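# Examining the three-dimensional arrangement
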Amino acid sequence: MSEFQVPIFQFRITTRSAAETQRLAAYLAKRLESPLVIAMTGDLGSGKTTFVQGLARGLDIPESCYITSPTFTLVNEYPGRLKLFHVDLYRIDDPLDTEDFGLFEILRSEAVVAIEWAERLGKELPTERLDVGLEIVGAESRTVSCRGYGSSANDLLHKMKNRFEESPQ
């Protein structure tokens, strides 16, 4: 973990339904070739868990694995093409509290780590990561803003931007 970096690449799109948000996340996950930390922010109900459900499908996690928010368990782990850790920090007030469930070990693992309420980690967020902000803009619509920190995240966002500029949704 180190100091804040300026993102090299940013990407923003508005989805019009939960299914579109899931498809966007699945498209992103299908292009992942290596572990990545995805730091998600957004209000309650903005679609963070919906986004993780899409990630799971793009990582070939079996449909029999029901993806839910780990609000009370703090971490859910799913097997797939790349292992997925789904972390929810909603109930965490101090980044040091994450030591109790081994978050810093999870962040160094060979997995995709999707963190809801990632802003609660503050300066403890990994330097290389993908930030995903979800904003409610209508009953079903969400603006999804992505910022890449590091070469893996930026390469991924470049592919996303090219795809969605050519044919949105």
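My aim in this report is to walk through the structure given alongside it, one point at a time. Because the structure is a prediction, the values reported are computed rather than measured.

## A few points about the overall build of the protein chain
Along its length, the protein chain carries four helices and seven strands. In the protein chain, the order of α-helices and β-strands from amino to carboxyl end is β-α-β-α-β-β-α-β-β-β-α. For the protein chain, the residues scored as buried account for 52% of the 169 residues in total. In the protein chain, of all internal contacts separated by at least 6 residues, the share reaching a separation of at least 24 is 64%. Element-wise, carbon and sulfur atoms account for 49% of the exposed surface of the protein chain, whose accessible area totals about 8,500 Å².

## Description of the pairing of strand β1 (residues 9-15)
Every other side chain in a regular strand lies on the same face of the sheet, so the side chains alternate between the two faces. Of the two faces of β1, only one is covered, namely that formed by F9, F11, I13 and T15; the face formed by Q10, R12 and T14 stays uncovered. In this sheet, strand β7 (residues 142-149) lies alongside β1 in antiparallel orientation, the contact comprising seven bridges. Of the residues in β7, the one forming a bridge with T15 is R142.

## Thoughts on the environment of L84
Among the structural elements, L84 can be located in strand β4 (residues 83-88). As for L84 and I61, which are separated by 23 residues in sequence, their C-alpha atoms are 8.4 Å apart. Those residues in contact with L84, other than ones at most four positions away along the chain, are V52, A56, L59, I61, N76, E77, Y78, V112 and A114.

## Comments concerning the side chain of E20
Summarising the element assignment, E20 is placed in helix α1 (residues 18-30). No salt bridge is formed by the buried E20, whose closest oppositely charged neighbour, R16, lies at an N-O distance of 4.2 Å.

## Points about the nonpolar core
If you look at the biggest cluster of nonpolar residues, it comprises 35 residues, and the most contacted ones within it are L28, I38, L84, L130 and V132. The set of elements that each furnish at least two residues to this core consists of β1, α1, β2 (36-41), α2 (48-58), β5 (111-116), β6 (129-136), β7 and α4 (151-166). Counting residues in each nonpolar core, the second largest holds 18 residues, with I92, V113, L121 and L125 among its members.

## Notes on α1
Its 13 residues give α1 an end-to-end C-alpha distance of 18 Å, which sits within 8% of 18 Å, the value for a rise of 1.5 Å per residue. Inspection of α1 places E20, T21, L24, A25, A26, Y27, L28 and A29 among the buried residues, and these make up the whole buried set.

## With respect to the packing of aromatic side chains
Under the definition given, this model contains one aromatic pair. A centroid spacing of 5.0 Å and a plane angle of 55° characterise the contact between Y90 and W117, whose relative ring orientation is tilted. Separated by 27 residues along the polypeptide, Y90 in the loop between β4 and α3 (103-107) and W117 in the loop between β5 and β6 bring together distant segments of the chain. The class of Y90 is partly exposed, set by a relative accessible area of 34%.

## Examining the pattern of salt bridges
A complete count under the given rule lists five salt bridges for this structure. A salt bridge links E63 to R57, with the nearest nitrogen and oxygen atoms 3.9 Å apart. Its relative accessible area of 65% is what places E63 among the exposed residues. The salt bridge involving K83 is made with E77; its shortest N-O contact spans 3.2 Å. Classification of E77 as partly exposed rests on a relative accessible area of 48%.

What counts and what doesn't
Residues numbered from 1 in each chain as written. Predicted model: local features only at pLDDT ≥ 70, side-chain atom pairs only at ≥ 80, totals over all residues. Heavy atoms only, no water. Helix = DSSP H or I, 4+ residues; strand = E, 2+ residues; numbered from the N terminus. Buried < 20%, exposed > 50% of the residue type's maximum accessible area, 1.4 Å probe, protein only. Contact = heavy atoms within 4.5 Å. Areas by Shrake-Rupley, 256 points an atom, 1.4 Å probe, with all protein chains shown as cover. Pairing = 2+ DSSP bridges. Lys, Arg positive; Asp, Glu negative; His and termini not counted. Salt bridge = Lys/Arg side-chain N within 4 Å of Asp/Glu carboxyl O. Core = buried A, V, L, I, M, F, W, Y, C linked by side-chain atoms within 4.5 Å. Expected span 1.5 Å × (residues − 1). Phe/Tyr/Trp six-rings, centres within 6.5 Å; stacked < 30°, edge-to-face > 60°.

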